[in-house]
Amino acid sequence: MSESFTPNPAEGDRFTFGLWTVGNPGADPFGPRTRPRISPPEIVEGLAKAGAWGVNLHDNDLIPFDASPTERDVLVKEFQQALDDHGLVVPMATTNLFSHPVFRDGAFTASDPKVRAFATRKAMRGIELGVELGAETVVFWGGREGVETDAARDSRDAIKWYRECMNFLCGWVKDQGWELKFALEAKPNEPRGDIYLATTGHMLHFIETLAHSEMCGVNPEVAHENMPGLSMVHAVGQAMEAEKLFHIDLNAQRIGRYDQDLRFGSEDLKGAFFLVRMLEGTGGYSAYTGPRHFDAHAYRTEDLEGVWDFAVGCMRSYKILAERAQEFDADAEVHEILEANHADPEGIGPLLAGFSSSNLEAIEQLSLDPDILAAAGHRYERLDQLAMEHLMGARG
Ligand code: GCO
Ligand code: MN
Ligand code: MN
């Protein structure tokens, strides 16, 4: 076991936080903020001290909605200076298409085409800001893309307008000659009663219908998959298999609750373990190469000291889980159980990998007795106990 799980960008740790995450002042729908606001340059300084590699932002985390062009430029310059001073990068940028009342009926899916045009224009300004700061990925989270009542519009229209806006923005980015990737983030509900494209799976299909699907992928979030009781590990696995995991929002969540955005690893530790194992690639396939981004915030009980405890905690938990995953995948007993379950001494698997008359004939000839096949147990109780013991630090 390592002596230290301190995050260190110089050793290859690529942890990022949003300005809105550590900058969250603890306000909720039932009460005002509980801690002071921190300016973007102060956040950059704090994140660098904590061991983060980068910082991400919404346009309006840095530039107020009604700032003049001159005010904008001053804020961007100060922020850029802080990034240079503290050696942080901005790998991702996103656009706030949910706070202003203009988006009360949606942004890209608003029934009023003027609102859709306004949202598209705001997204272009957000992308320009991202490019200016060096971002390579643009996230789209459609917080207001939904309804409280389906009397409002036909969801087929909503999906069509969403596609039109994404196609327009992809076309514009290409026209600018920029090499950017778009990462679409799903959430099932909150703040709208029902949000369109509710899960990562919905998004993966939608992306395939876009004009420039090659530049679009997903940004799955732990909390958003767990809210309705779905598996984040499966969402990420499907995205990785499709080569569409363009970004990730790490946090923690208890099933069935409002979007909690808790410190990574603080709930469903087992889910976090298998997620980190998949991202690190210790169990097979290549590792995810993008930044490990935390979209979470400190408990409302915390002051600024607690905010930095929160940020360090997210990164330490990730590193601890990465080490535990590596130990699990190096465990001979784990290998033994997995090999027994995956064994294919007769070479049957490849026969199913493509239809041909010879494969068909070979499949038809196989002696497959379901009672024999059903007789043996799989030893997943032991395998899972091994995972839990590695996770609890009792092995390895
Ligand atoms: C949420 C969402 C947002 C988005 C962010 C970036 O928890 O409400 O996840 O935090 O990730 O707007 O697009
Ligand atoms: Mn998110
Ligand atoms: Mn969330």
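Scroll up to find the structure.
One structure accompanies this document, and this report is about it. (Residues numbered from 1 in each chain as written. Chains lettered and ligands numbered in written order. Predicted model: local features only at pLDDT ≥ 70, side-chain atom pairs only at ≥ 80, totals over all residues. Heavy atoms only, no water.)

Now for the packing of aromatic side chains. This structure, assessed with the given rule, holds 16 aromatic pairs. Relative to Tyr318, the ring of Phe15 has its centre 5.5 Å away and its plane inclined at 75°; by these criteria the two rings are edge-to-face. Of this pair, Phe15 sits in strand β1 (residues 15-18) while Tyr318 is found in helix α11 (residues 304-329), placing the two residues 303 residues apart along the sequence. Judged by relative accessible area, which is 3%, Phe15 ranks as buried. Taken together, a centroid distance of 6.0 Å and an interplanar angle of 45° make the contact between Phe103 and Phe118 tilted. (Phe/Tyr/Trp six-rings, centres within 6.5 Å; stacked < 30°, edge-to-face > 60°. Helix = DSSP H or I, 4+ residues; strand = E, 2+ residues; numbered from the N terminus. Buried < 20%, exposed > 50% of the residue type's maximum accessible area, 1.4 Å probe, protein only.)

On to the coordination of the manganese ion (ligand 3), then. By definition of the ideal shapes, a tetrahedral metal site with four donors has angles of 109.5 degrees and an octahedral site with six donors has angles of 90 or 180 degrees. Coordination sphere of the manganese ion (ligand 3), protein contribution only: Glu221 (OE), His224 (NE2), Asp259 (OD), Asp259 (OD) and Asp261 (OD), at 1.9 to 2.6 Å. Between the six donor atoms coordinating the manganese ion (ligand 3), the angles at the centre fall across 52 to 160°, so the site counts as irregular. The sequence pattern formed by the donor residues of the manganese ion (ligand 3) is E-x2-H-x34-D-x1-D. A distance of 4.4 Å spans the gap from the manganese ion (ligand 3) to the manganese ion (ligand 2), which Glu221 bridges by coordinating each metal. (Donors = N, O, S within 2.8 Å, 3.2 Å for Na, K, Ca; no water. Tetrahedral: all angles 85-135°; square planar, octahedral: opposite > 155°, others 65-115°.)

As a further point, take the packing of helix α10 (residues 269-280) against helix α15 (residues 380-391). For the pair α10 and α15, interaxial distance at closest approach is 11 Å and the crossing angle is 95°. In this view, α10 runs roughly perpendicular relative to α15, as classed from their interaxial angle. Of the residues in α15, those touching α10 at Leu269, Lys270, Phe273 and Phe274 are Asp384, Ala387, Met388 and Leu391. Taken together, the residues of the contact of α10 with α15 break down into six nonpolar, no polar and two charged. (Axes fitted to C-alpha atoms, helices over the stretch in contact; angles between N-to-C directions. Parallel < 35°, antiparallel > 145°, perpendicular 65-115°, else oblique. Contact = heavy atoms within 4.5 Å. Nonpolar A, V, L, I, M, F, W, Y, C, P; charged D, E, K, R; others polar.)

We now examine the site of ligand 1. Taken together, the neighbourhood of ligand 1 is formed by 14 residues, with His58, Glu185, Glu221, Asp259 and Asp295 sitting nearest. Measuring from an oxygen atom of ligand 1, one finds a side-chain N or O atom of Glu185 at 2.6 Å. Between ligand 1 and the protein, one listed contact pairs an oxygen atom with a side-chain N or O atom of Asp261 at 3.1 Å. For ligand 1, the accessible surface in isolation is 330 Å², of which the surrounding protein chains cover 92%. Looking at the shell around ligand 1 residue by residue, the classes come out as four nonpolar, three polar and seven charged. (Near = heavy atom within 4 Å. Polar contact = N/O pair within 3.5 Å; in protein donor to acceptor, adjacent residues only side chain to side chain. Areas by Shrake-Rupley, 256 points an atom, 1.4 Å probe, with all protein chains shown as cover.)

Coordination sphere of the manganese ion (ligand 2), protein contribution only: Glu185 (OE), Glu221 (OE), Asp249 (OD) and Asp295 (OD), at 2.0 to 2.1 Å. Classification of the site at the manganese ion (ligand 2) rests on its six donor atoms, whose angles at the metal span 79 to 172°, yielding the label octahedral. All donors of the manganese ion (ligand 2) belong to a single chain; written as a sequence motif, their spacing is E-x35-E-x27-D-x45-D.

All right, on to helix α5 (residues 113-133) then. Taking 1.5 Å of rise per residue, the 21 residues of α5 would be expected to cover 30 Å, and the 30 Å separating its terminal C-alpha atoms lies within 8% of that figure. For α5, the capping residue at the N-terminal end is Asp112, with a side-chain oxygen 2.8 Å from the backbone nitrogen of Lys114. At the C-terminal side of α5, Gly134 shows a positive phi close to 95°. (Expected span 1.5 Å × (residues − 1).)

Let's shift gears to the environment of Glu323. Position of Glu323 relative to the elements: it lies in helix α11. We classify Glu323 as buried; its relative accessible area is 11%. With 211 residues separating them in the primary sequence, Glu323 and Asp112 have C-alpha atoms 51 Å apart.

Our focus in this paragraph is the nonpolar core. Core analysis: the biggest nonpolar cluster contains 93 residues, and Phe17, Phe79, Phe108, Phe140, Phe182, Phe264 and Leu275 have the highest contact counts within it. In terms of residue count, α11 provides more of this core than any other element does, 10 residues in total. Two domains each put at least three residues into this core: domain 1 (3-325) and domain 2 (332-391). Every residue in contact with Phe182, bar those within four places of it in the chain, is listed here: Ile127, Val138, Phe140, Met166, Leu169, Cys170, Val173, Met215, Cys216, Gly217 and Phe246. (Core = buried A, V, L, I, M, F, W, Y, C linked by side-chain atoms within 4.5 Å. Domains from an automatic or database assignment.)

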